[in-house]
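# Close look at the chain arrangement
Each chain, written out:
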Amino acid sequence: MQCTSTIADMITIDAARLSRSIQDFGRIGTLPNGGVCRLALTDAEKAGRDELVRRMQSLGLTVRIDSIGNIFGTRPGRDADAGTVMIGSHIDTVSTGGLYDGTLGVLAGLEVIAALDDARLETHRTITVAAFTNEEGARFQPDMLGSLVFVGGMALQDALNTTAGDGMQLGTELKRIGYAGSEEGPRDIAAYFELHIEQGPILEAENVQIGVVSGVQGISWHEITVHGRSAHAGTTPIALRSDAGLAACLIVQRAYEMSRAIGPDQLMTTGTMRLKPDLVNVVAEEAVFTVDLRNPSGDALKQADINLLHIAEAVAAETGTRVTCRTLARFDPVIFDKRLVDSVEKTAQSLGYSTRHLHSGAGHDAQMIARVAPAAMIFVPSAGGISHNIREFTSPDDLARGTTVLAQLVSGQAELMKE
Ligand code: GLV
Ligand code: MN
Ligand code: MN
């Protein structure tokens, strides 16, 4: 019998259990000064995967691992052919990560399952909690790699061949940690939801409880290598140098200026730079650095990409160096499914929570799943807007509010039934 009472009356999130779950999980890969380091496919991340699988199994979920290491835990529904409602995110982190980025979305999914079990509720559709491989892109590029492969946006073999900065190949690491699976993830996704911390300052600054995410901005990652000539720092006149360090600095500075000229929506970050031979008294013969460009406008982002390459070439000519550029990731902006986005807003408001529409600045697995299924995201506030940082924090009340919205949405889409 399809239930008639409101879903909100029937399913209750256990806020204390959710907080405990996140805190306990945060001990896996913990850093001495707080926060976590669970870079994709490292021993620490394997430990996180093992714990996640254990938790899924103890909730009675059927666990499947696919060939790129994505983990799917499915709760049965009354009709196995009616499609699944998927709750997903990731458990890998950057090397200076907090407890919430990604992990919240996965563990909130398990809390939704536990709350359904507590209330002895069945659903018409199955519900799947998914943890996608290498969302962060901090070890292997591109980011969102597991969900990208899952939706057919990258060939499996290309993904397995990806090499990290530490020289390790993704496929080798996946096998080493025992997560090179052979099963298929669910293909019939009726709806996909991802609860995530905002990772920015807007919700907190405006005192809003739930962010209704309309889409994700475009992302473009470049790796630029400048080839110069090493020389003695004390004896080589400036005019006679081919200084890779100088060229790198000029490219970065001009790229920041170029981004500012496009407008406030255009973001640019150089987050890594390595010099060779990396010595105080030697002119660098090589500089390798990254440029992360983002913009909600696909056209503006394309223009920024072109401008960056022109800047790099001009600086090389000026400094007597040579540059090569490699694209590490390139994703167009994504707009989420309007019907699901509206349902996020209505559900949050019906629970009495304040809402605001937001565009996501960070990349998310939801943007890949949106290629094959209706997808939407829920944001909760980040204290001080801080993320990718060990000080990342979201209050237990905010975690519970976001998870309550998630539970209502999932229950609605999976069609709740009283046993
Ligand atoms: C993923 O965390 C990103 O860089 O947006
Ligand atoms: Mn994330
Ligand atoms: Mn992240």
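Only a predicted model underlies this, so the values are computations on that prediction, with no experimental measurement involved.

Turning to the overall build of the protein, a few remarks are in order. When its secondary structure is counted, the protein shows 13 helices and 18 strands. A globule of 419 residues ought to have a C-alpha radius of gyration of about 22 Å, and the protein, at 23 Å, matches this closely. In terms of overall dimensions, the protein has C-alpha extents of about 85 × 45 × 40 Å along its principal axes. The burial tally for the protein puts 57% of its 419 residues in the buried class. Residue pairs in contact within the protein that sit at least 24 positions apart in sequence constitute 80% of those at least 6 positions apart. Accessible surface for the protein amounts to roughly 17000 Å². Of this, 52% is attributable to carbon and sulfur atoms.

Moving on to the site of ligand 1. Neighbouring ligand 1 are the residues E135, E136, W221, R294, A362, G363 and H388. Here an oxygen atom of ligand 1 sits 2.8 Å away from a polar atom, N or O, in the side chain of R294. Calculation on ligand 1 without its partners gives an accessible area of 200 Å², and the protein chains cover 95% of this total.

Attention now goes to the coordination of the manganese ion (ligand 2). Note on the manganese ion (ligand 2): its protein donors are H90 (NE2), D101 (OD) and H196 (NE2). The metal-donor distances range over 2.1 to 2.3 Å. Mapped onto the sequence, the residues coordinating the manganese ion (ligand 2) show the spacing H-x10-D-x94-H. Between the manganese ion (ligand 2) and the manganese ion (ligand 3), a separation of 3.6 Å is found, and both are coordinated by D101. A residue pair is termed long-range when its members are at least 10 positions apart, and H90 in the loop between β3 (84-89) and α4 (103-118) and H196 in strand β6 (residues 189-197) qualify at 106 residues. Assigned by exposure class, H90 and H196 land together as buried.

What follows covers the pattern of salt bridges. Note on pairing: side chains with opposite charge can pair once their charged atoms come close. Counted by the stated rule, this structure contains 24 salt bridges. Residue R125 is joined to E415 by a salt bridge in which the shortest nitrogen-to-oxygen separation is 3.8 Å. Here R125 is found in the loop between β4 (121-123) and β5 (126-131), whereas its partner E415 is found in the loop between α13 (396-414) and β18 (416-418), with 290 residues between them in sequence. On the basis of relative accessibility, which here comes to 19%, the residue R125 falls in the buried class. Among the residues examined, E415 registers a relative accessible area of 26% and is labelled partly exposed.

On to the domain arrangement of the protein. In terms of domains, the protein is made up of domain 1 (5-217 + 334-418) and domain 2 (218-331). A separation of 34 Å is found between the C-alpha centroids of domain 1 and domain 2. Listed per partner, the contact involves 16 residues of domain 1 and eleven residues of domain 2. Contact between domain 1 and domain 2 buries roughly 890 Å² in total, counting both sides, with carbon and sulfur atoms accounting for 62%. Contact with domain 2 buries surface across domain 1, with Q141, D143 and Q217 losing the most and accounting together for 58% of the total. Counting across the interface, domain 1 meets domain 2 through zero salt bridges. The tally of links between domain 1 and domain 2 comes to one residue pair in polar contact (both at pLDDT 80 or more). Among the residues forming the side of domain 1 that touches domain 2, the class breakdown is six nonpolar, seven polar and three charged.

Cut-offs applied
- Residues numbered from 1 in each chain as written.
- Chains lettered and ligands numbered in written order.
- Predicted model: local features only at pLDDT ≥ 70, side-chain atom pairs only at ≥ 80, totals over all residues.
- Heavy atoms only, no water.
- Helix = DSSP H or I, 4+ residues; strand = E, 2+ residues; numbered from the N terminus.
- Rg over C-alpha atoms; globule rule 2.2 N^0.38 Å.
- Buried < 20%, exposed > 50% of the residue type's maximum accessible area, 1.4 Å probe, protein only.
- Contact = heavy atoms within 4.5 Å.
- Areas by Shrake-Rupley, 256 points an atom, 1.4 Å probe, with all protein chains shown as cover.
- Near = heavy atom within 4 Å.
- Polar contact = N/O pair within 3.5 Å; in protein donor to acceptor, adjacent residues only side chain to side chain.
- Donors = N, O, S within 2.8 Å, 3.2 Å for Na, K, Ca; no water.
- Salt bridge = Lys/Arg side-chain N within 4 Å of Asp/Glu carboxyl O.
- Domains from an automatic or database assignment.
- Buried area = accessible area lost by both parts, 1.4 Å probe.
- Nonpolar A, V, L, I, M, F, W, Y, C, P; charged D, E, K, R; others polar.

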